[in-house]
Amino acid sequence: MAMFRKFLCPTLVLMLLTTMFTLTSNAQSGVENAEETHLAPATIHTYQPSVRYTNSANYTLKANGVVVPVVKGFSDYDYAHFSMSEGPVTYELTILNTDKVHEYSISPKKLGIQAEKIEGRTITFTTQSDEYLIVTMNNRQTRMVIAADPMEKDVPASNGEGIFNVTSAPYHVVSSGTPATGVSTRTASIQQAINDASQYGTLQGGGKQGIVYVPAGTYYIGNLVLKSNTAVYMEPGATFIGTGKTVDYKEHWFKDSMGRPATWWISTAFQSENIRIYGRGTIDGNGQALHDDKTSNGKGMINNLVVPIATSNFVMDGILIRESSGWAVV
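Keep in mind that what you see is a predicted model, and the values were worked out from it rather than measured.

Calculation rules
Residues numbered from 1 in each chain as written. Predicted model: local features only at pLDDT ≥ 70, side-chain atom pairs only at ≥ 80, totals over all residues. Heavy atoms only, no water. Helix = DSSP H or I, 4+ residues; strand = E, 2+ residues; numbered from the N terminus. Contact = heavy atoms within 4.5 Å. Phe/Tyr/Trp six-rings, centres within 6.5 Å; stacked < 30°, edge-to-face > 60°. Buried < 20%, exposed > 50% of the residue type's maximum accessible area, 1.4 Å probe, protein only. Lys NZ or Arg CZ within 6 Å of the ring centre and 35° of its normal. Pairing = 2+ DSSP bridges. Axes fitted to C-alpha atoms, helices over the stretch in contact; angles between N-to-C directions.

(A) Examining the environment of Q141 more closely. Counting through the fold element by element, Q141 comes out in the loop between β11 (132-137) and β12 (143-150). When the C-alpha atoms of Q141 and Y77 are compared, they prove to be 8.0 Å apart, with 64 residues separating the residues in sequence. Discounting residues that sit within four places of it in the chain, Q141 has contacts with S75 and D76.

(B) Just the side chain of N304, in detail. Here N304 lies in strand β23 (residues 302-307). When neighbours within four sequence positions are excluded, N304 is seen to be in contact with W253, T263, W264, W265, I266, G326, W327, A328 and V330.

(C) Up close: the packing of aromatic side chains. With the rule as written, the count across this model stands at 6 aromatic pairs. Relative to Y233, the ring of Y213 lies with its centre 5.2 Å away and its plane at 45°, an arrangement referred to as tilted. Residue Y213 is located in strand β14 (residues 210-214), and its partner Y233 is located in strand β17 (residues 230-234); the two are separated by 20 residues in the primary sequence. The exposure class of Y213 is buried, given its relative accessible area of 5%. Ring pairing ties together the aromatic residues F82, Y91 and F125, which thus form one cluster. Between the NZ or CZ atom of R276 and the centre of the ring of Y278, over which it lies, the distance is 3.7 Å.

(D) Local environment of the sheet that holds strand β18 (residues 238-242). Taken in spatial order, the 4 strands line up as β15-β18-β22-β25 in an open sheet, and their pairing is parallel. Of all the strands in the sheet, just β15 (217-221) and β25 (320-322) have a single pairing partner and so form its edges. Each strand of the sheet is rotated relative to its neighbour by a mean of 15°, with strand direction disregarded. Bridge analysis of β15 against β18 gives 5 bridges, and the strand direction is parallel. Paired with T218 across the two strands is T239, which belongs to β18. Relative to β15, helix α2 (residues 183-204) is tilted by about 105°, and along the sheet it contacts β15 and β18.

Remember, this is a structural readout, not a statement about activity or role.
In structure tokens:
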């Protein structure tokens, strides 16, 4: 699973979360790589980023000839997030606003990835499977994160029995590119879908889950509470975004060292079980704005983005998480 964490410090921490919450790599080097080269090139599936995001001014990327959107991230990272089938992928990474590639490095170093070609501003290199990479070019402060996930294997139907699509009746949630209006109504509707999915899954029994289906779009929301026997599926391009306004969030605790209250943005109900968040969507806390907003409480606020608390059998997979103003996942 993909996860970015953004704190109010200069470094954006890149994490790859698996079921065991450990960093893993499927790629091998040397002879093992040579043995894998018989695989057909991977098929690349890209996602349309939220309208909140702008294109990188530092890099462009192609994967097996497919243009992959590169999102302007923060001062230290821009990133590209996509999925791919099994097989090798050849990247063409171009650095902008310079004359040519003077130097580069590709991390993790243990993979031993080297450019096969350097031509002008573009380096070409190949991996044998999906990897998370950090590329530094010309010692530029803003590095390039390539976040390649495996293909999704259990995509649910968007409608049908046990599927609670937030954009369908009775919820009628509409994607919005701004947090100006409708936040409380939108949040309440998504919460109702969660409640209905929980009720369905619980009545079915046997570990069944009602599925809350979130189509691609931009959704500015307040606090959500996930309940037992519920799965939240976020389509590629589906993006939950924090409003950046303290008035929209509950205070769950207070951080003395920062002099600010804190909110659990998306948390689990106490004594809950059998909850899942999955797909290829993004959970974006908009933490800097929330930290700085003192209009309602005179202090600002920090946010923890996903808080599985007093729960069991909780799974999160494939979701990109970015820009908290406290620990992103607790």
